[in-house]
Amino acid sequence: MTAAGEMTGGRSDAAAPAAIELRGISKAFGPVQANRNINLRVPKGTIHGIIGENGAGKSTLMSILYGFYRPDAGEILVNGQPIAITDSQTAIRAGIGMVFQHFKLVQNFTVLENVILGAEDGALLRPSLSKARGVLKQLAQEYQLNVDPDERIEELSVGHQQRVEILKALYRQADILILDEPTGVLTPAEADHLFRILEGLRDEGKTIILITHKLREIMDITDNVSVMRRGEMVASVKTAETDPEELAELMVGRKVLLNVEKAPATPTKPVLQVEGLRMIDDDGVERLRGIDLQIRAGEILGLAGVSGNGQTQLLEILGGYPPKGSKVEGTVTMNGAPLPLSGRGCDAASRRRAGMGHIPEDRQVEGLIMDFAAWENVAFGWQDAPEFNRGWLMDNAAIRSDAADKMERFDVRPRNPNLAARNFSGGNQQKIVVAREIERNPDLLLIGQPTRGVDIGAIEFIHKRIVELRDAGKAILLVSVELDEILSLSDRVAVMFDGRIMGERDPASTTTGELGLLMAGVTDTKNTPDDQGIPPEHAHVDGLPQEPR
Amino acid sequence: MDKMPKWADVILTPLISLVLAMAISALVILAIGESPWEAMKTMVQGALGSSYGWGFTLYYATNFIFTGLAVMVAYHASLFNIGGEGQAAMGGLGVALALLYIPLPHWALALPVAMVGAAILGAAWAFIPAILQAKRGSHIVITTIMFNFIAAAALNYVLVRLLRPVGSMDPASARFPEATNLPSLSDAFASIGIEWGRNTPANVTFFIALLACLLVWLLIWRTRMGYEIRALGKSEPGAVYAGISPVRITVIAMLISGGLAGMMAINNVMGEAERLVLNAVEGAGFIGIAVALMGRNHPFGVLLAALLFGFLYQGGGELALWTSIPRELIIVIQALVILFTGALDNMVRMPLERLFLRLRRKEVAE
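Remember, it's a predicted structure, so these values are computed and weren't measured experimentally.

Cut-offs used in this document
- Residues numbered from 1 in each chain as written.
- Chains lettered and ligands numbered in written order.
- Predicted model: local features only at pLDDT ≥ 70, side-chain atom pairs only at ≥ 80, totals over all residues.
- pLDDT = per-residue confidence, 0-100.
- Helix = DSSP H or I, 4+ residues; strand = E, 2+ residues; numbered from the N terminus.
- Expected span 1.5 Å × (residues − 1).
- Buried ≥ 20, exposed ≤ 12 C-beta atoms within 10 Å, placed from the backbone.
- Arc of directions from axis to C-beta.
- Contact = placed C-beta atoms within 7 Å.
- Domains from an automatic or database assignment.
- Nonpolar A, V, L, I, M, F, W, Y, C, P; charged D, E, K, R; others polar.
- Axes fitted to C-alpha atoms, helices over the stretch in contact; angles between N-to-C directions.
- Parallel < 35°, antiparallel > 145°, perpendicular 65-115°, else oblique.
- Left-handed = near helix turned anticlockwise from the far one by under 90°.

Enquirer: How should the confidence of the model for chain B be read in this particular structure?
Expert: Keep in mind that low pLDDT regions are not for reading the predicted coordinates in detail. With 98% of its residues at a pLDDT of 70 or more, chain B has an overall mean of 92. Among the prediction metrics, the complex's ipTM stands at 0.87, with pTM recorded as 0.80.

Enquirer: Just checking my understanding: could you explain helix α8 (residues 205-222) of chain B for this structure?
Expert: Helical geometry: 3.6 residues make up each α-helical turn, so side chains three or four residues apart lie on a common side. Residue and element names in this part refer to chain B. Over its 18 residues, α8 runs 25 Å from end to end, which matches the ideal 26 Å to within 8%, given 1.5 Å per residue. Listing the buried residues of α8 in full gives Thr205, Ile208, Ala209, Ala212, Cys213, Val216, Leu219 and Ile220. End-on, the buried residues of α8 take up no more than an arc of 155°, which puts them together on one face. In this structure, α8 carries Phe207, Leu211 and Leu214 as exposed residues pointing more than 90 degrees from its buried face. The inward-facing, buried residues of α8 contact α3 (51-76), α9 (224-234), α11 (246-273) and α13 (299-322).

Enquirer: Would you mind showing me how to read the confidence of the model for chain A here?
Expert: All names here are of chain A. When the pLDDT values of chain A are averaged, the result is 86; 91% of them are 70 or greater. A low-confidence stretch, residues 1-13 stays under pLDDT 50, and its non-local contacts, those more than four residues away or across chains, total 24 contacts. Within the model, pLDDT remains below 50 along residues 527-549, and this stretch shows 44 contacts once partners closer than five positions in the same chain are excluded.

Enquirer: I keep staring at the interface of chain B and chain A and nothing clicks. Help me out?
Expert: Interfaces are frequently sized by the accessible area removed from exposure as the parts join. Across the contact, 20 residues belong to chain B and 24 residues belong to chain A. When contributions to the side of chain B that touches chain A are tallied by element, the ones reaching two or more residues are α9, α10 (236-241) and α15 (345-365) of chain B. The element contributing the most residues to the side of chain B that touches chain A is α9(B), with five residues.

Enquirer: Looking at this structure, I do not really get the domain arrangement of chain B. What am I missing?
Expert: All names here are of chain B. Segmentation of chain B into domains returns domain 1 (1-34 + 324-333 + 343-366) and domain 2 (55-322). For domain 1 and domain 2, the distance between their C-alpha centroids amounts to 29 Å. Elements represented by at least two residues in the side of domain 1 that touches domain 2 include exactly α1 (6-31) and α14 (327-343). Top contributing element to the side of domain 1 that touches domain 2 by residue count: α14, with three residues. A class-by-class count of the residues in the side of domain 1 that touches domain 2 yields five nonpolar, no polar and one charged.

Enquirer: Any chance you could explain the packing of α8(B) against α11(B) here in plain terms?
Expert: Packed helix pairs are specified by the crossing angle of their axes together with the interaxial distance, meaning the distance between the axes. Residue and element names in this part refer to chain B. Look at α8 against α11: their axes get within 10 Å of each other, and the N-to-C directions meet at 165°. When the interaxial angle is binned, α8 and α11 end up roughly antiparallel. Remark: the crossing between α8 and α11 carries left-handed chirality. Between α8 and α11, the contacting residues are Thr205, Ile208 and Ala212 on the first element and Leu260, Ile266, Asn267 and Gly271 on the second. Split by residue class, the contact of α8 with α11 holds four nonpolar, three polar and no charged.

Below, the structure written as structure tokens:
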């Protein structure tokens, strides 16, 4: 591995000016040194990955490049020319375009209106609009960036909204495109499509900087990769000359187990039994079309599938809160007792009393109250537990001490129970949720996307805890869109597609290719060899239904 | 990381806002050819310079404490209850009905009964908007403000047609029985030999208001109900995940809010007027919004803000009485205080935050 800073590149790289070169960039926010002496060289016409854990300083660095922050020290060169990027307008003029993690689109404007917003040619809109229409058509042909220019943003799927962001940048003639965690909100199929667009752009000579914390994306698509850790650039290498294990170690600063070590499961009695579960939502769409599942004590059932195929609804129904206005049919029994699916007794509190734990898919919206302190969040969902109450009042002292203990055991950093949940990184937020739910020792634990937006070090830790709970003889339902996670954690894998369970496989003997076909709705996978046009390491399938709007 | 220390957030920011509002008020007074210094002196003298002034200031403050607490409790459930005016008016009806129709021999007995009456009618008036919001999603701002008008019209009818004593031409109820009249603060002080605030409307309700501050604080930050109210206020999906019923908590929070607003009637109807008159609330319900806003939705803040607005009310009245500053200008001054402490809060807050960040960075650098 090369030393920090210098790009491993031949003479030819060094001769041509790099699209972007950063020299000694530093930036501090109060006492926090977000970036420290960053050197980076991004050659023209390449896809350059920047990888690092949450809070490593990636987003700060890119914000400096886009003019949101001024660096405390250092120099930025674009195409060999030193440039002071004072605001985003300067950045745009220098040919830098940015696609944010959270899109900056006007929801009730059309695609066309969003594209010209801020780049209108004059006071009248019509000339700009017709010009943009032409440009969009051309871009669509060149890069497969197909979006209906007259559709309103709120009518578009997330993947298409992202395309609009890219189109906005290209319309402003960006040569250098920065994408901040672009796949965080995408389905695997959408992510795949995005990568093909990016490759097309690169082949046309554009330079792309991809910020992510997903190793697989880096390995799949980038030419070079730089690793950040705690505000410093610790390495820059050619992607072909490295591997995920090495990158993970560089990111975290120690050896990381990417695969979970676990003994074979010893399942016993059935804990959860789901029969003929159907759900029709308030739009009259059948989201679940007859789900049958069984989970036994001491096993992890992995539920794979492209997001938006009913997993969320299944978790919500099992968790006691079916979506508003929905109609639910079927039977669900837990430990032999039927669970109510509507009306009285169908709420999350009753489920918890019945011995269920639930790590929800979205920790920021459901699992935590972001403005509550960490200690208050430790009681969240368990606020009526006897040990947290003393007569009329809540026993805040007991909750605080429980929180301190849990944070200690789960290594939540910083170890400050008084800090609001929103001030923790994604991984540490998730650790608070996981600690709260797992340490209740539930008979059944529902888990949705346990490691979404969580850094590698924390993923390893959370996976270990989940396996420990299984080994303690508990039943676990694991829903994840990360196929790797499903395969390495589960004892059985069921695949969900369009509200149905398409089939169940043994993770030891199945392949990502086979699961990919199931995820695409193909049931007959018995005679299908792996090389059916789906690269095994992808398992992303095209032609899937789009995310529901 | 917090952007600035808590004391700066809670005390310094509103204080600077207040000074700014006063500075602009001074300019306005200068512009109409009066002396801001004299005006200030008149206000302070009139509101705080004598026990007489204090008697009025505390009376107004008591009203604002109840309506401020009402707005605050609903706000924690992320409900913007601007129906305090109507709920307080209905609370007045509750007091009147209790005192006129239940024979009560002593004020100490009448007080709890009247409190219950006020709270029940105030809460009932909040219940309908609450249930509409919880079950039907009708926006609480719209419904509560409409209910203010309904309350005013309903009270008009009740006073003119039902409660008006035979032979009276005044749209007001009969006087409450003498035995139920609350001791004024001056009576209370007199009983321990201190002469204080004679002929002022301040009465023992002030202590009930203080107690209400404490109880609301306990409710919001120390009870499970408060925890659930705050959780719902921050995130409804989160609350549902945690087994908290949004319908139940919405209704309960509004009932408590309406009950608090209704209890204001103990002060103005039972304590001061000693009968129910038309438009007894006199805008205190709306002042409660500003009080809660300025008080940062904390009972202690509400108490301080209510005292400030009590001062502005009483001082403003004095200003109109003793100077040639027109009555309308007092409303301008009060509006400026609301504008700066409530609406323009971020104007002061953001530069302050930047200042504190810079100070902190310097500390670290050294």
